Amino acid sequence: KQEVTQIPAALSVPEGENLVLNCSFTDSAIYNLQWFRQDPGKGLTSLLLIQSSQREQTSGRLNASLDKSSGRSTLYIAASQPGDSATYLCAVKNNAGNMLTFGGGTRLMVKP
Amino acid sequence: DAGITQSPRHKVTETGTPVTLRCHQTENHRYMYWYRQDPGHGLRLIHYSYGVKDTDKGEVSDGYSVSRSKTEDFLLTLESATSSQTSVYFCAISDRINQPQHFGDGTRLSIL
């Protein structure tokens, strides 16, 4: 059974810092991996999707990498801003089935 | 936001009553999903649909049923609600199996 872990569970940084969020998964037979952000009381907003054949994806200040063989993905946020404060979730889709398995999330606070 | 509307947004009901949650999309996407989000368990898939009248079970399907009679609507029914089904329920859609899933704003359901 796929298990997805995100460390740390919470992170507080001053504005302007570059930061890395980590996601690890136990079964490397994945189809793709998706990063989301969730604001309090809201749904999930899709940030980036990396297919299993890709190594990274970039969108603005966000860069996500994927190392399938080691079961890891990172989300890099450049020049963090208070508006980046949210919970960040990663989710993997296995080759078998049509289910996303989610990590527990990293709650990020960027202080002005 | 992707054109996803969940209704109701909030509901309080009593144990043993039937409850139906609705997800409506305007994107004409093939795939629709129901998730629940609980502290300590993260997001878990309940059921999903891969076309009109085509549905399949997810990780936590016991006590839930779904129906999809039209492309745009996906209904989640709790036949006899229990307190353990108190949760936040999210609907998601995707165009193809390898495309990102986009989420609605959720329904907060409390069963007393």
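Engineer: Help me out: how do you make sense of unusual backbone geometry in this one?
Structural biologist: Trans is the prevailing form of peptide bonds, just as negative phi is the prevailing case for residues other than glycine. Residue and element names in this part refer to chain A. The residue after Ile7, namely Pro8, is reached through a cis peptide bond having omega 0°. At Ala79, a residue that is not glycine, the phi angle is positive and equals roughly 45°. Among the structural elements, Ala79 can be located in the loop between strand 8 (72-77) and strand 9 (86-94). Relative accessible area serves as the criterion here: at 36%, Ala79 is assigned to the partly exposed category.

Engineer: Please explain the state of the cysteines as it appears in this structure.
Structural biologist: Should the sulfur atoms of two cysteines be covalently bonded, the bond is a disulfide. Using the criterion set out here, one finds two disulfides over all chains in the structure. The residue that forms a disulfide with Cys23 of chain A is Cys90 of chain A, at a sulfur-sulfur distance of 2.0 Å. In this structure, the disulfide formed by Cys23 of chain A and Cys90 of chain A twists by about 75° around the S-S bond and is classed as right-handed. In this pair, Cys23 of chain A is assigned in strand 3 (residues 19-25) and Cys90 of chain A in strand 9, connecting sequence segments 67 residues apart. Note on accessibility: Cys23 of chain A and Cys90 of chain A belong to one class, buried. Disulfide partner of Cys23 of chain B: Cys91 of chain B, at an S-S distance of 1.9 Å. Handedness here is read from the sign of the S-S torsion; for Cys23 of chain B and Cys91 of chain B, about -70°, the answer is left-handed. Here Cys23 of chain B is found in strand 3 (residues 19-25), whereas its partner Cys91 of chain B is found in strand 9 (residues 87-94), with 68 residues between them in sequence.

Engineer: Honestly, the interface of chain B and chain A in this entry has me stumped. Any pointers?
Structural biologist: Buried accessible area, meaning the area lost when the parts come together, often serves as the stated size of an interface. Between chain B and chain A, the contact holds 19 residues from the first and 19 residues from the second. Summed over both partners, the interface of chain B with chain A buries about 1600 Å², with 53% contributed by carbon and sulfur atoms. If you look at where chain B meets chain A, you find one salt bridge. For Glu59 of chain B, the salt bridge identified is with Lys1 of chain A, shortest N-O distance 3.5 Å. Inspection of the region where chain B meets chain A yields five residue pairs in polar contact (both at pLDDT 80 or more).

Engineer: Please explain the pattern of salt bridges as it appears in this structure.
Structural biologist: Opposite charge on two side chains permits them to pair, given that their charged atoms come into close proximity. All names here are of chain B. All chains considered together, the criterion is met by eight salt bridges over all chains. The salt bridge partner of Arg44 is Asp38, with a shortest N-O separation of 3.1 Å. Grouping residues by exposure puts Arg44 and Asp38 together as buried.

Engineer: So what exactly am I meant to see when it comes to the packing of aromatic side chains here?
Structural biologist: Working definition: an aromatic ring pair is given by the centre-to-centre distance plus the angle between the planes. For the structure on display, the rule yields 10 aromatic pairs over all chains. Centroid distance Phe36 of chain A to Phe103 of chain B: 5.4 Å. Interplanar angle 85°. Geometry classified as edge-to-face. Here Phe36 of chain A, found in strand 4 (residues 30-38), pairs with Phe103 of chain B, found in strand 10 (residues 102-103), and the two come from separate chains. When its relative accessible area of 9% is taken as the criterion, Phe103 of chain B is described as buried. Ring geometry for Phe90 of chain B against Phe103 of chain B: centres 6.5 Å apart, planes inclined by 70°, an arrangement best described as edge-to-face. Here Phe90 of chain B, found in strand 9, pairs with Phe103 of chain B, found in strand 10; they are 13 residues apart in sequence, far enough to count as distant. Pair check on accessibility: Phe90 of chain B and Phe103 of chain B agree, each one buried.

Engineer: Just to check I follow, could you spell out the layout of surface pockets for this structure?
Structural biologist: Where empty space is left can be seen by rolling a probe of water-molecule size over the atoms. Of the pockets and cavities examined, the largest pocket occupies roughly 980 Å³. Lining the largest pocket are 43 residues, and of these Gly104 of chain A together with Gln37, Asp38, Gly42 and Leu43 of chain B sit closest to its centre. Broken down by secondary-structure element, the contributors of at least two residues to the lining of the largest pocket are strand 9, strand 10 (100-102) and strand 11 (106-111) of chain A together with strand 4 (31-38), strand 5 (42-51), strand 9 and strand 11 (107-111) of chain B. In terms of residues, the lining of the largest pocket owes the most to one element, strand 11 of chain A, which gives four residues. Per-class residue counts for the lining of the largest pocket are 13 nonpolar, 19 polar and 11 charged.

Engineer: I would appreciate a short explanation of the nonpolar core in the present structure.
Structural biologist: Side chains of nonpolar character tend, in soluble globular proteins, to be buried together. If you look at the biggest cluster of nonpolar residues, it comprises 23 residues, and the most contacted ones within it are Leu33, Trp35, Leu75, Ile77 and Tyr88 of chain A. For this core, the secondary-structure elements that each account for two or more residues are strand 3, strand 4, strand 5 (44-51), strand 7 (62-67), strand 8, strand 9 and strand 11 of chain A. In this structure, Cys23, Cys91, Ile93 and Ile111 of chain B belong to the second largest nonpolar core, which totals 19 residues.

Reading the values: rules and limits
Residues numbered from 1 in each chain as written. Chains lettered and ligands numbered in written order. Predicted model: local features only at pLDDT ≥ 70, side-chain atom pairs only at ≥ 80, totals over all residues. Heavy atoms only, no water. Helix = DSSP H or I, 4+ residues; strand = E, 2+ residues; numbered from the N terminus. Buried < 20%, exposed > 50% of the residue type's maximum accessible area, 1.4 Å probe, protein only. Disulfide = S-S within 2.5 Å. Contact = heavy atoms within 4.5 Å. Buried area = accessible area lost by both parts, 1.4 Å probe. Salt bridge = Lys/Arg side-chain N within 4 Å of Asp/Glu carboxyl O. Polar contact = N/O pair within 3.5 Å; in protein donor to acceptor, adjacent residues only side chain to side chain. Phe/Tyr/Trp six-rings, centres within 6.5 Å; stacked < 30°, edge-to-face > 60°. 1 Å grid on protein atoms, 1.4 Å probe; cavity = no way out; pocket = protein on both sides within 12 Å on 5 of 7 lines; lining within 4 Å. Points joined across faces, edges and corners; volume = space filled by probe spheres on them. Nonpolar A, V, L, I, M, F, W, Y, C, P; charged D, E, K, R; others polar. Core = buried A, V, L, I, M, F, W, Y, C linked by side-chain atoms within 4.5 Å.

Function-wise, these values are silent; they only describe arrangement.
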